[in-house]
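The primary structure of each chain is shown beneath.
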Amino acid sequence: MEYSKFKSLLRRVIVVPMLATAILAGLLLWETIDLNKSMQWVDHTDQVLDQSGHLFMLLINMESATRGYIATDDETFLQPYLEGTKRFDFEFQALYPMVADNLQQQQRLNDIYSGYRDWEGNASRIIALRRAGKADPTLYENQQGKRRMDVLREHISEFQSMEEGLRTQRIQSAHQRWSLMVTSCLGMGLGFGIFLALFTRYHVERLGTKLLQSEERWTATLGSIGEAVIATDSEGRVTFLNPVATALTGWQPDEAVNQPIGNVLRLINEKSGMTADNEVLRVLKEKQVLSVANHVDLVTRDGREIAVEHSAAPILAGEGKVIGVVLVFRDVAERRQEQIETAEQAALLELTQDSVFVIDMEGTILFWSRGAEAMLGYSKSQAAGKISHDLLHTEFPQPMAEIRAELMRVEHWEGDLIATAEDGRRIVMSSRWALQWGKRDQAPRVLVINSDITQRKRGEESLVLQREQLRALAERLQWVREEDRKKVARDLHDQIGQILTAIKMDMTWMSRHLPESQVEVLARLTESIQLINDGVKSVRTICSGLRPGVLDDLGLAAAIEWQASEFASRNGVQCQVSVPPVDLHLDGDRATAAFRIFQECMTNVIRHAKAKSVRVTLCQEEVNILLVVEDDGIGFCESGLSNSLDSLGLLGMKERAQFCGGDVQISSSPGKGTKVTVRVPVDTPRAERSEICTS
């Protein structure tokens, strides 16, 4: 069973129950929210009843005060009435919005308010008559006031009765939702438990069956292949031998299992007879497939030597963990002899157009092909016995001693060389060297094959030129983009901003000249003026994002201070800024590039760094403007971002700096924050240059 399929099956076993759990939680959350809304409506009804009770008590106190004054002619009895006339409108206005969702209740409140105004007018007339000294002419008016108050009480009673009914309905609805939620929890929980048990059982049985089948298939496959296979555990002990390995080594599987691999697979160097390196330990350490030079002999259990080829590869479990090594080898005594003879014959073939020759380890030419004559111009007689790199004035990419060492280690070497032909032409060649071993008493030789890649190199140089042209085009596009931003920001500020300001002034004038009775219109105008203010702020924000005016008006130092302040207030990250007291000598394009790099740095801080503070330093040193941005965030490993899409922002910063002849240096490590150093050249007289860095 493949590991990817195993992970997919295991993922299904885990993900499906988790998904079902999420659905169950979502349903419970929905029912909880619905129950909470019902309880909120009950609470709202209680608030309405409480407020209407305050209004009712206020009316009772006012009526009692009126009757007390009429009966006693004592002005102190009127105090509750006078306070009530002041408070009634406030209490009524507090109650009216509470029933905005009920038109019938709003109509009752309107009737209550009309009845109050009628009763209050009548009470005012009675009080005026009493104050005029009339002893008892107010009986009829007093009776009229009582009837009006009775009607008012009836309206209030109807209002409260309606709210009591609503409260009862809402409490019943909340109880029903609570019962539904409890029933749903029990039902869904039971159903989920049964589903999870059946689902898990099915997939566990399926997973176990697949693992057993995979193990049987793996054992049968290794046992049936025609090459010898030995597997080890993570400590280099034998865990498996197939029949071919048993026949070659002389070890039976029951005897070899748990034996160190060095006891079962004894390898010696074919030429020296010395014990070969233990490839199993190297594979366990390096976690890579090891292709051995294959000049080794296998010493069997009874002491025979068999020429073999072998390779070793790690057995990887999940997450790249090495749990063992598998070695594959075969008897190649006859084939090795054939390879030696074939290699000697192939070295004499001259059918290729490439330059082919054979040298010894000192570089003396032993064989020179016709392809070498055609490419380099030297005949066989001219080249024979000469040192190849002296004859061709070869320019190597690395010292000759290192090339020889690599040949002895891995038996081949590749690289680009520059050779000088007989007619003086400089030829760029792709060179491939292969080490050829002879008998034990013979020195090795080197087969050299050179391909002329001069034209290809010229094409690569042309590509470099085109790349530089593309860089220049990108710089031009960047400049055009900044100019477009500047124009759009200016047009937004000058045109849209002025239009919004004019509209605001007209609407302000309208609000001042409307009568106070137009309350709703005035409110709408006030909201519209606020929307216009928000629009003006948005225009300013957009203009600042496109092209900060402070950069053009006050220079780079002021722009950086402004941007840092905006960043700190918007994101809550402490910013410590150190800039020179006067602006630096920097033209518009370079100042723009430095400012955009600074913006990208701050964007990276809030997106990736998780920093609590940022330190920004701007100064001039010698011929450069120096900008340093340091944060105390989580940092990152630079090598990990070299080929990542997340590094496009860093690449853009470097490109901007290169456009104006500067550079960007980034130093960071996990857990130790990030430091970005930007240098932009400034062309000013030496007399004006001064070191004004502050820390």
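Not measured: the values here are computed from a predicted model.

Peer 1: Break down helix H3 (residues 103-131) for me, with residues and values.
Peer 2: Over its 29 residues, H3 extends 42 Å from the first C-alpha to the last, a length consistent with the 42 Å expected when each residue adds 1.5 Å. The N-terminus of H3 is capped by Asn-102, whose side-chain oxygen sits 3.1 Å from the backbone nitrogen of Gln-104.

Peer 1: Describe helix H13 (residues 400-410), with residues and values.
Peer 2: Regarding H13, the residues found buried are Met-400, Ile-403 and Leu-407. For H13, the buried positions fall inside an angular range of 55° around the axis, keeping them on one side. The exposed residues of H13 that point more than 90 degrees off its buried face are Ala-401 and Arg-409. Residues of H13 that are buried make contact with strand E10 (412-420), strand E11 (426-436) and strand E12 (445-452). One or two positions beyond H13, positive phi appears at Glu-411, with a value near 70°.

Peer 1: Residue-level account of the sheet that holds strand E13 (residues 574-578), with values.
Peer 2: Spatial ordering of the open sheet is given by E13-E14-E15-E17-E16, a layout of five strands whose pairing is mixed. Both outer strands of the open sheet, E13 and strand E16 (663-668), are each paired with one neighbouring strand and no more. Neighbour to neighbour, the strand axes of the sheet diverge by 10° on average, direction disregarded. Relative to strand E15 (residues 624-631), strand E14 (residues 613-621) runs antiparallel, the two being bridged by eight bridges. In the strand pairing of E15, Leu-618 is matched with Leu-627. Docked against the sheet, helix H17 (residues 556-571) engages E13, E14 and E15, running at close to 170° with respect to E13.

Peer 1: Talk me through the pairing of E14; I want residue IDs and the actual numbers.
Peer 2: With seven of nine residues buried, E14 lies mostly within the body of the structure. Pairing analysis gives five bridges linking E13 to E14, with the strands arranged parallel. Residue Gln-576 lies in a different strand from E14, and its bridge partner there is Arg-615. Where E14 folds back onto E15 in an antiparallel hairpin, the turn is made up of two residues, including Glu-622, whose phi is positive at roughly 50°.

Analysis parameters
Throughout this document, residue positions are counted from 1 along each chain, in the order its sequence is written. Reporting of local features is limited, given that this is a predicted model, to residues whose pLDDT is at least 70; pairs of side-chain atoms are given and counted only at 80 or more, and all residues count toward the totals for whole chains, interfaces and linings. The side-chain numbers reported here are obtained from all heavy atoms of the structure, hydrogens and water having been left aside. To qualify as a helix, a DSSP run of H or I must reach at least 4 residues; to qualify as a strand, a run of E must reach at least 2; elements of each kind are numbered from the N terminus. One less than the number of residues in a helix, times 1.5 Å, gives the span that helix is expected to have. Think of a polar contact as two N or O atoms within 3.5 Å of one another; within protein, one of them needs to be a possible hydrogen donor and the other a possible acceptor, and neighboring residues in sequence only count if both atoms come from side chains. With a 1.4 Å probe rolled over the protein chains alone, any residue whose accessible area is under 20% of its type maximum counts as buried; one over 50% counts as exposed, and the rest are partly exposed. The arc refers to the directions leading from the helix axis to the C-beta atoms. Contact definition: two residues touch when any of their heavy atoms are within 4.5 Å. Being paired, for any two strands, means DSSP has found at least two bridges between them. Structural elements are reduced to axes, namely lines fitted to C-alpha atoms, with helices fitted over the stretch in contact, and the angle between N-to-C directions of any two is expressed from 0 to 180 degrees.

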